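Structural description and commentary
One letter stands for each residue in the lines below.
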Amino acid sequence: MADIRPYTIAVEDERLKDLKTRLSLAKFPDELDEAGWDMGAPLADVKRLAKYWQESYDWKKAERELNQVPQFVTNIQCEGFEPLAIHFIHVRSKVKGAIPLLFIHGWPGHFEEVLKILKPLTEGGDGVKYPAFDVVAPSLPNFGFSEGPKKRGFAMEQYAETMNKLMLKLGYDEYVTQGGDWGCHISRALAFRYPKYCKATHLNMDSADPPVFLKNPILALKHAITPYNSREQHGVTRSNWFDQEGRGYNLEQSTKPQTLGYALADSPVACLAWIYEKLHDWTDAYPWSDDEICTWVSIYWFSTAGPAASVRIYYETAHNVDGRKDKIDREKMRSWSPGVKLGFSHFPMDLAVRPSTWVRTLGNVVFEKEHGSGGHFAAWERPDDIVTDVREMFGKGGGAFGVVRGVTGYTS
Amino acid sequence: MSTASDAIEPFRIAVPDAALEKLKAKLALATFPEEVDFSNDREYGAPLDDVKRLATAWKDTYDWRRAEAELNETLPQFTTTIGVDGHEDLKIHFVHKKSEREGAIPLLFVHGWPGSFLEVAKILPLLTSGDAKADEPSFHVVAPSLPNFGFSARTSKPGFAIRQYAEVCHKLMLRLGYDKYVTQGGDWGTMITRTMGKHYPEHVLASHINFVMTRPPSPLSSPLLCLQYALGWYTPQEKAGLERTRWYRGPGNGYTQVQMTKPHTLGFSLADSPVGLLAWIYEKLRDWTDEYSWMDDEVLTWVSVYAFSAAGPDASVRIYYEATHQPEDFRAVMGYNGKVPLGLAYFPRDLMVVPSSWGRTLGRVVYEKRHDRGGHFASVETPELLVADLRTMFGKKSGIGAKLPF
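Description of the structure in this document. The shown structure was predicted, so the numbers you read here are calculated from the model rather than taken from an experiment.

Concerning the packing of helix α10 (residues 257–266) of chain A against helix α11 (residues 274–287) of chain B
- One way to put it is that α10(A) packs onto α11(B) with a least axis distance of 8 Å and a crossing angle of 175°. Taken together, the axes of α10(A) and α11(B) are roughly antiparallel relative to one another. Contacts between α10(A) and α11(B) involve A:Thr259, A:Leu260, A:Tyr262, A:Ala263 and A:Asp266 from the first element and B:Pro274, B:Val275, B:Gly276, B:Ala279, B:Trp280 and B:Glu283 from the second.

What to know about the interface of chain A and chain B
- Facing the 57 residues of chain A at the interface are 59 residues of chain B.
- Between chain A and chain B, the buried area comes to about 5100 Å², and carbon and sulfur atoms account for 57% of it.
- At the junction of chain A with chain B, the criterion picks out three salt bridges.
- Its salt-bridge partner being B:Lys262, residue A:Asp281 comes within 3.4 Å of it at the nearest N-O pair.
- Inspection of the chain A/chain B interface yields 28 residue pairs in polar contact (both at pLDDT 80 or more).
- If you list the elements that add at least two residues to the side of chain A that touches chain B, you get α1 (13–24), α2 (43–55), α8 (230–246), α9 (248–255), α10, α11 (268–281) and α13 (312–318) of chain A.
- Examining the composition of the side of chain A that touches chain B, we find that nine residues originate from one element, α10(A), more than from any other.
- For the side of chain A that touches chain B, the residue count by class is 28 nonpolar, ten polar and 19 charged.

Some thoughts on empty space enclosed by the protein
- Applying the stated criterion across every chain, the model contains ten cavities of 30 Å³ or more.
- One number sums up the size of the largest cavity: a volume of about 120 Å³.
- Around the largest cavity sit 18 residues that line it, and B:Glu119, B:Gly186, B:Asp187, B:Asn210 and B:His376 are the ones nearest its centre.
- Mapped onto the lining of the largest cavity, the elements with two or more residues apiece are β4 (105–110), β6 (181–185) and α16 (378–381) of chain B.
- Each pocket or cavity is described by its volume, and for the second largest cavity that value is around 100 Å³.
- Taken together, 15 residues form the lining of the second largest cavity, with A:Glu113, A:Gly180, A:Asn204, A:His376 and A:Phe377 sitting closest to its centre.

As for the sheet that holds β4(B)
Residues and elements named next belong to chain B.
- Read from one edge to the other, the open sheet built from nine strands follows the order β1-β2-β3-β5-β4-β6-β7-β8-β9, with strand pairing classed as mixed. Unpaired on one side and paired on the other, β1 (8–11) and β9 (363–370) mark the two borders of the sheet. Across the sheet, the mean angle separating the axes of adjacent strands is 25° when strand polarity is ignored.
- Pairing of β1 with strand β2 (residues 77–82), which is carried by four bridges, proceeds in the antiparallel orientation. Looking at β2, one finds that Pro 10 is bridged to Phe 78.
- The strands that helix α6 (residues 188–199) touches are β4, β6, β7 (204–209) and β8 (337–346); relative to β7, the one it contacts most, it runs at about 160°.
- Where helix α17 (residues 383–393) meets the sheet, it contacts β4, β5 (139–144), β6, β7, β8 and β9, and its direction lies at approximately 150° from that of β7.

Here's the deal with the side chain of A:Ser298
Residue and element names in this part refer to chain A.
- As for its position among the elements, Ser 298 is in helix α12 (residues 290–301).
- At a separation of 3.0 Å, a polar atom in the side chain of Ser 298 contacts the side chain of Trp 53.
- When residues no more than four places from it in sequence are discounted, the contact partners of Ser 298 are Trp 53, Tyr 57, Trp 59 and Ser 303.

Points about the packing of aromatic side chains
Residue and element names in this part refer to chain A.
- On inspection of all chains with the given rule, the structure shows 44 aromatic pairs over all chains.
- Centre to centre, the rings of Trp 282 and Phe 377 are 6.2 Å apart; their planes meet at 25°, and the pair counts as stacked. Residue Trp 282 is found in the loop between α11 and α12, and its partner Phe 377 is found in the loop between β9 (363–370) and α16 (378–381); the two are separated by 95 residues along the sequence. In terms of burial, Trp 282 and Phe 377 fall into one category: buried.
- Through a chain of ring-to-ring contacts, the aromatic side chains of Trp 107, Trp 182, Trp 241, Phe 242, Tyr 249, Trp 282, Tyr 286, Trp 288, Trp 296, Tyr 314, Phe 377 and Trp 380 assemble into a single cluster.

The rules behind each value
Residues numbered from 1 in each chain as written. Chains lettered and ligands numbered in written order. Predicted model: local features only at pLDDT ≥ 70, side-chain atom pairs only at ≥ 80, totals over all residues. Heavy atoms only, no water. Axes fitted to C-alpha atoms, helices over the stretch in contact; angles between N-to-C directions. Helix = DSSP H or I, 4+ residues; strand = E, 2+ residues; numbered from the N terminus. Parallel < 35°, antiparallel > 145°, perpendicular 65-115°, else oblique. Contact = heavy atoms within 4.5 Å. Buried area = accessible area lost by both parts, 1.4 Å probe. Salt bridge = Lys/Arg side-chain N within 4 Å of Asp/Glu carboxyl O. Polar contact = N/O pair within 3.5 Å; in protein donor to acceptor, adjacent residues only side chain to side chain. Nonpolar A, V, L, I, M, F, W, Y, C, P; charged D, E, K, R; others polar. 1 Å grid on protein atoms, 1.4 Å probe; cavity = no way out; pocket = protein on both sides within 12 Å on 5 of 7 lines; lining within 4 Å. Points joined across faces, edges and corners; volume = space filled by probe spheres on them. Pairing = 2+ DSSP bridges. Phe/Tyr/Trp six-rings, centres within 6.5 Å; stacked < 30°, edge-to-face > 60°. Buried < 20%, exposed > 50% of the residue type's maximum accessible area, 1.4 Å probe, protein only.

Structure (structure tokens):
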């Protein structure tokens, strides 16, 4: 355990100056009249944010606030790859029987997304009324303040291996996960690769396909004859919007991440616009403050691996660059994962909003909750809902109660 | 209703010093993605070493003023203002060179993305030459910068789609006194000239396209083509073409998906980062050509036209959004048009390389050539092949030349 070192975010002044210089030289496009958000991030917004970022935003203040949360770094090595310094938040509950919970972010997210649910889960979980959790929230390799691999082929298998090794290193022989976006996909990879350690996953994204009769006859039948409820109907509209208008970034990042990366590395405005569009489109009218957005994007701009590196996860997951067997690809992640309990919280403005029968093809779903509002970044937009759902899933009477050997989340 | 003057003014490219300085200032600050083992693997995108080398040359050694002077000397350029129904008047930049010969055929050459008027440079002297053999036709050539590209104006209202691009090009030909003309185009040039053929069939006497865009056969409309597809009754060249097409429609389509849905978001990258712009375009110059040896200067002139464009480099990608949000226009391009004789050229490293039987669903095909080399930018990579196509298609004995009124 000796090589788990405390970590303090400390961006050098030189980099702050460089950011401001670039922003001062920013060259903006023009915009079509009345385009709104349909064609992408609106010019007025991005200009305002860029100006705020340059002139008024105080990164050092944000940095101090982030550093109030206990952070660490440790080297984790995946088979066939070099060791990577992995940055993570780690808060242990005072309750002895606290459940170890691994919070996994996605793209364009990061470790910061855990902040609103951190205290309620760790301190608010008193072990009497509410179950208690130890929370681990890492920066994924290539994100935040973790290093990134230099070798190609760092895909779902490696992300899962890194996460699992981290939890084991912290002394958690068994644990559960919470995540959306890549947090959802990596949780699925954990379920397939490490069902011995990863006992349950709570997910806030519906990455699932419709049930097929040959594989899930009962679900397929149910899907065929039961009309969609209003959530599911709205979900069709929302999911179609994402498929038709919202997936461009995904295809580019899955095919030519390097080409896209040049702009992200060279222009803070490019980085801002590319991410800010998602912060708007993927949330349910969340009232982002300029400070919130600047901190969010700054974590990308000042990330250890650089903003260009973060998009490689899409390419590596979509391609089998070294011809590995049993690659964890999209099809695999949408198949049944035995031995791991699943929970789903459905939020209407997420990107893939699928019927219940679809997510139940993924495994033993022991918890499912529908919400009337909220979007993709659920832990940030609806922290209370995530906390409530996680407590319900893992607490007394919940579908995953006692799933981690020896710890129930309660003082005995 | 346009109140624009009909004047045609000579034009010389003259990028302001301030723009050159700003470009160099940004390039001096250029920050590249951190190098990893696969930074030069073209599969992941534009290779790092290439982009670094080009960016450094762009900053230190590339001479835009020399390129500018050469363009002004070799390409006779003009501007004129064209009004478009429902949109503003647009100042249109174009190359125009008359043939040395009598009875030459007026030819409109339409570029695409990430192309430009530059693409006419190599074929211009060949097409307008008076030295062509007796049977070989000669041409008056008009090569505009499309609105939002090159040195033409920027459009500001939504809804400027293929129909509008076609209107601009047609009105330009009329303005130049060419009531009847033929067209040549690839990429968006294909879409735009096909749309011109649909809406102005009395004026567009024939069209040659080097980017043959068709729908895949559907069982309802073309059952025989479907059968052919299912049974794989294609030549080896056609099969290779289908593979290439599949690549384009799948892994090669990232840029299209971004540009047709969120052009404004991408626009911030293209406007603010010259390195970002360079990489975005250079990747296509490599991936879409058939081992064409791009010289660094060539690439940099190509990208500079985008960087210094009147509308800004971000404006050019909006055509993808506008066109795909008007599906009727798109469908019209791929439907049968029997009024305009069609010439088809298939280059193996183009993006959509469909079987000949599919190409023939587009109209009355009077000329067809499946080349064994060349890619998407035919007039740059294999100008002699493209010119040979046109000379044959429009020859008096070899093609339809005798039927044309020139």
